[in-house]
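Close look at the chain arrangement
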Amino acid sequence: MRVRRNVIVIGMGAGNPDYVTIQAVKALNLASVFFIPDKGGGKEQLARLRRDICERFIENRDYRMVTFDSPVRPKPGGDYRKGIKAWRGEVERVYERLLADELGEDEYGAFLVWGDPSLYDGTLRILESIRAKGRMELEYDVVPGITSVQALAARHKVPLNRIGEAVTITTGRRLSQGFPEDAGSVVVMLDGNAAFTKVEDDIYIHWGAYVGTPDEILVSGNLEDVAGEIERLKEAAQKNHGWIMDTYLLTRPESKED
Ligand SMILES: C[S@@+](CC[C@H](N)C(=O)[O-])C[C@H]1O[C@@H](n2cnc3c(N)ncnc32)[C@H](O)[C@@H]1O
């Protein structure tokens, strides 16, 4: 007979415990087992925030933390696609084992996802793939969280879109291939290489690192004026913390008729 498992994927907000929603608090109090990825590479701070959130918001102390080694995503280069496929398989096996061995039939397990699970996060794909394989009867729900994109916009006090226009959310790797032609504004995430330094148009930038945390750094201005400063800050912060998470909004000037 197949085992039955219940999981809640909880968006925990992007760095500030005050971003945790009331719906997330209810879900935290429903769960008995929390699966905490240990990503290494100086990111212990992220695991700590997950623990702090549990300690602060869970009233019933009767829960377990299960830490697991999260397989490291391969770096671009070589046979990247093959590498990614193998990595995904490995992650799925780890999750499936956790759900089978560490969770009971009558319990809820929870994954605390940074920001919101809908944005550059693999948890939902992994769970869906495990469910589809059918080796266990897996039910899961999703609780939305405050993304780093919302946090960035709030801290800079700006809207993301130009009036009546679309917003593109993309990665640093894609931005380095050029500013999307039809986009008025672009949000850039996962940028390890300061791709904004390659953008040449007349663009305004709102940049933020560690947004919502005590280490937050915010800079805004015309890209050509502030790109060098952001690059220096980014490098220094990376050295200092051992890791960095930064996001930025690039906006073309709004025309006078808008
Ligand atoms: C793997 S993605 C996860 C995004 C997350 N699911 C969300 O909703 O924000 C990680 C990227 O999110 C952005 N990010 C996450 N938290 C951030 C923060 N507190 N400040 C700035 N950028 C952040 C960075 O671009 C980072 O490279």
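Residues numbered from 1 in each chain as written. Predicted model: local features only at pLDDT ≥ 70, side-chain atom pairs only at ≥ 80, totals over all residues. Heavy atoms only, no water.

**Observations regarding the pattern of salt bridges**
According to the stated counting rule, one finds eleven salt bridges in the structure shown. For Glu 137, the salt bridge goes to Arg 2, with nearest N and O atoms at 4.0 Å. Separated by 135 residues along the polypeptide, Glu 137 in strand S5 (residues 137-143) and Arg 2 in the segment before strand S1 (4-11) bring together distant segments of the chain. Take Arg 2: its relative accessible area is 41%, and that puts it in the partly exposed class. Where Lys 234 meets Asp 246, a salt bridge forms, and the shortest distance between an N and an O atom there is 2.8 Å. Of this pair, Lys 234 sits in helix H7 (residues 223-241) while Asp 246 sits in strand S10 (residues 246-251), and the two are twelve residues apart along the sequence. (Salt bridge = Lys/Arg side-chain N within 4 Å of Asp/Glu carboxyl O. Helix = DSSP H or I, 4+ residues; strand = E, 2+ residues; numbered from the N terminus. Buried < 20%, exposed > 50% of the residue type's maximum accessible area, 1.4 Å probe, protein only.)

**Focus on the packing of helix H3 (residues 80-102) against helix H4 (residues 123-133)**
Their axes nearest at 10 Å, the elements H3 and H4 cross at an angle of 70 degrees. Our classification of the angle between H3 and H4 gives roughly perpendicular. As H3 runs across H4, the sense of the crossing is right-handed. From H3, Val 91, Glu 92, Tyr 95, Glu 96 and Leu 99 reach across to H4, where they touch Thr 123, Ile 126, Leu 127, Ser 129, Ile 130 and Lys 133. For the contact of H3 with H4, the residue count by class is six nonpolar, two polar and three charged. (Axes fitted to C-alpha atoms, helices over the stretch in contact; angles between N-to-C directions. Parallel < 35°, antiparallel > 145°, perpendicular 65-115°, else oblique. Left-handed = near helix turned anticlockwise from the far one by under 90°. Contact = heavy atoms within 4.5 Å. Nonpolar A, V, L, I, M, F, W, Y, C, P; charged D, E, K, R; others polar.)

**Focus: the sheet that holds strand S3 (residues 64-69)**
As summarised here, the arrangement of the five strands in space is S3-S2-S4-S1-S5, forming an open sheet in which the pairing is parallel. Single-partner strands in this sheet number two, and they are S3 and S5. Put simply, the sheet's adjacent strands are angled 25 degrees from each other on average, direction ignored. Together, strand S2 (33-38), S3 and strand S4 (108-113) form the strand contacts of helix H2 (residues 44-57), whose direction differs from that of S2 by roughly 160 degrees. Together, S1, S4 and S5 form the strand contacts of H4, whose direction differs from that of S5 by roughly 160 degrees. (Pairing = 2+ DSSP bridges.)

**What about the layout of surface pockets?**
Volume-wise, the second largest pocket comes out at about 200 Å³. For the lining of the second largest pocket, the per-class residue count stands at seven nonpolar, three polar and three charged. A domain split of the lining of the second largest pocket shows at least three residues from each of domain 1 (4-143) and domain 2 (148-251). (1 Å grid on protein atoms, 1.4 Å probe; cavity = no way out; pocket = protein on both sides within 12 Å on 5 of 7 lines; lining within 4 Å. Points joined across faces, edges and corners; volume = space filled by probe spheres on them. Domains from an automatic or database assignment.)

**Some thoughts on the domain arrangement of the protein chain**
Along its sequence, the protein chain is organised into domain 1 (4-143) and domain 2 (148-251). Counting residues at the interface gives twelve residues for domain 1 and 16 residues for domain 2. Ranking the residues of domain 1 by area buried against domain 2 places Gln 45, Leu 119 and Tyr 120 at the top, with a combined share of 41%. In this structure, the connection of domain 1 to domain 2 is made through zero salt bridges. The tally of links between domain 1 and domain 2 comes to one residue pair in polar contact (both at pLDDT 80 or more). Residues belonging to the side of domain 1 that touches domain 2 are distributed by class as follows: six nonpolar, five polar and one charged. (Buried area = accessible area lost by both parts, 1.4 Å probe. Polar contact = N/O pair within 3.5 Å; in protein donor to acceptor, adjacent residues only side chain to side chain.)

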